[in-house]
Amino acid sequence: MAKVKWALMVGTALVLCTGVATAQDLFDLQKVADGVYAALARPRTPINCNAAVIVYDEGVLVVDTHSRPSSARGLIQQIKGVTDKPVRYAVNSHFHWDHAQGNHAYPVAFPKQVAIVASEATRENLINLGMQRVKEQIDNGPRLIEDVKRRLATEQDAAAQGRLRDELRQQEEYLAEVRSLELTLPDLTFDKSLILHRPDRDVVLLFLGRGHTSGDVVAYLPKQRVVATGDLLHGWMPFMGDSYPPEWVATLDALDKLDFDHIIGGHGGVKPKAHLRFFRNYLADLIAEVRRARDRGETLAQATTSVAAALAPKYDAGMDGRFAGSVGANIEKVYKDLEAKRY
Ligand SMILES: [Zn+2]
């Protein structure tokens, strides 16, 4: 613990001296508007999500708490580099592990000052699914560690060995942390909207409908023209395992009606509003193409090939190099939903 603190303090000091983020920093803080920062997650094993950091007259609101409390503590340290105001609200955009498992860091750092905020559905998801998924990560951890060790044992290239050793260390640290994880639940929830009214800005938290999960919320800053969207809309390929695909398209259409310029998504870089149509159209085209493949009588394996080929020309280039790695899972999700006549 002392060592970690020391490392973070050195990191902060170097940031102040040089203005350049250091290796100890987990996030790159990018100013998006006055008092609004995107905390863009650097590569980690396993990943962290991005956060949005919104500084208002007497406090800070943070959207999303990453995959573990140590990451949230890291961000809290970096936030102290831009403001000495306390974090008063930590919002969970949805219940997924890489967005909510760091919650506990906030009441520890700001006792009796901070509320953990989410939609009521997200709180229920954390109760019903969150702890179960923590347990799955603990159960799967040793296998993932053994897998990296096996790859390390056969790797000849020195640079690749170094990367694998780093990955191994991060996996082991993560497993140790998640084994003692306290999953702190949101203590302030809402159904449709919750507005923080401040003299210099309103922060509008909105549930616009089901999408990536049953409880996604966005944080909208009308004056600063920014929206923080979690995994409802981001710069990577969508994960669709807990999603409601046609409703997701409709929810993004509702989001499109808001007036904003910048999107701070849960993963990838800050995007212009135009990215919303691209991401929304990917989901709509995915559903339409899988439907067509099924109408042609294709099996899942055949549809996986044909739909990926149909979508690639339009979408491969805009998905941060992640199209090929995820499109198969997305096709399978929609194929099985259609098979079950969910829509
Ligand atoms: Zn997610």
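Our subject in this report is the structure included herewith. (Residues numbered from 1 in each chain as written. Predicted model: local features only at pLDDT ≥ 70, side-chain atom pairs only at ≥ 80, totals over all residues. Heavy atoms only, no water.)

Comments concerning the overall build of the chain
Argument step 1. What the chain contains, in helices and strands, is 10 helices and 13 strands.
Argument step 2. For 343 residues, the compact-globule estimate of 2.2 N^0.38 gives 20 Å, and the chain sits close to it at 20 Å.
Argument step 3. Seen through its C-alpha atoms, the chain measures out along the principal axes to roughly 60 × 55 × 40 Å.
Argument step 4. A burial count over the chain gives 49% of its 343 residues as buried.
Argument step 5. Looking at the chain alone, contacts between residues at least 24 apart form 66% of all its contacts between residues at least 6 apart.
Argument step 6. Entry remark: accessible area of the chain is about 15700 Å², with carbon and sulfur atoms responsible for 54%. (Helix = DSSP H or I, 4+ residues; strand = E, 2+ residues; numbered from the N terminus. Rg over C-alpha atoms; globule rule 2.2 N^0.38 Å. Buried < 20%, exposed > 50% of the residue type's maximum accessible area, 1.4 Å probe, protein only. Contact = heavy atoms within 4.5 Å. Areas by Shrake-Rupley, 256 points an atom, 1.4 Å probe, with all protein chains shown as cover.)

Re the coordination of the zinc ion
Argument step 1. For the zinc ion, the full set of protein donor atoms is His94 (NE2), His96 (ND1), His212 (NE2) and Asp231 (OD), and the range of their distances to it is 2.2 Å.
Argument step 2. Coordination geometry of the zinc ion: the four donor atoms subtend angles of 87 to 169 degrees at the metal centre, consistent with an arrangement described as irregular.
Argument step 3. Within one chain, the residues serving as donors to the zinc ion are arranged as H-x1-H-x115-H-x18-D. Residue His212 is located in the loop between strand S9 (201–206) and strand S10 (218–221), and its partner Asp231 is located in the loop between strand S11 (226–230) and helix H7 (245–256); the two are separated by 19 residues in the primary sequence. For the pair formed by His212 and Asp231, the shared burial category is buried. (Donors = N, O, S within 2.8 Å, 3.2 Å for Na, K, Ca; no water. Tetrahedral: all angles 85-135°; square planar, octahedral: opposite > 155°, others 65-115°.)

Digging into the side chain of Asp64
Argument step 1. Mapped onto the fold, Asp64 is located in the loop between strand S4 (59–63) and helix H2 (69–79).
Argument step 2. Salt bridges are absent for the buried Asp64, whose nearest opposite-charge side chain, Arg68, sits at 14 Å.
Argument step 3. Of the polar contacts made by the side chain of Asp64, one reaches the backbone nitrogen of Ser93; its length is 2.7 Å.
Argument step 4. Once you skip the residues sitting within four places of it in the chain, Asp64 turns out to touch Cys49, Asn50, Ala51, Val91, Asn92, Ser93, His94, His99 and Gly230. (Lys, Arg positive; Asp, Glu negative; His and termini not counted. Salt bridge = Lys/Arg side-chain N within 4 Å of Asp/Glu carboxyl O. Polar contact = N/O pair within 3.5 Å; in protein donor to acceptor, adjacent residues only side chain to side chain.)

Points about the sheet that holds strand S13 (residues 271–272)
Argument step 1. With mixed pairing, six strands are arranged side by side in an open sheet as S8-S9-S10-S11-S12-S13. The two strands at the open ends of the sheet, each matched to only one other strand, are strand S8 (193–198) and S13.
Argument step 2. Sheet topology places S8 next to S9; six bridges connect them, and they run antiparallel. Following the sheet pairing, Leu196 is matched in S9 by Val203. (Pairing = 2+ DSSP bridges.)

Focus: the sheet that holds S4
Argument step 1. Overall, mixed pairing links the seven strands, which are arranged S1-S2-S3-S4-S5-S6-S7 in an open sheet. With one partner strand each, in any of the chains shown, strand S1 (27–33) and strand S7 (188–190) form the two edges of the open sheet. In this sheet, neighbouring strand axes are inclined to one another by 20 degrees on average, regardless of whether the strands run parallel or antiparallel.
Argument step 2. One ladder, built from six bridges, connects S1 with strand S2 (residues 36–41); its direction is antiparallel. (Axes fitted to C-alpha atoms, helices over the stretch in contact; angles between N-to-C directions.)

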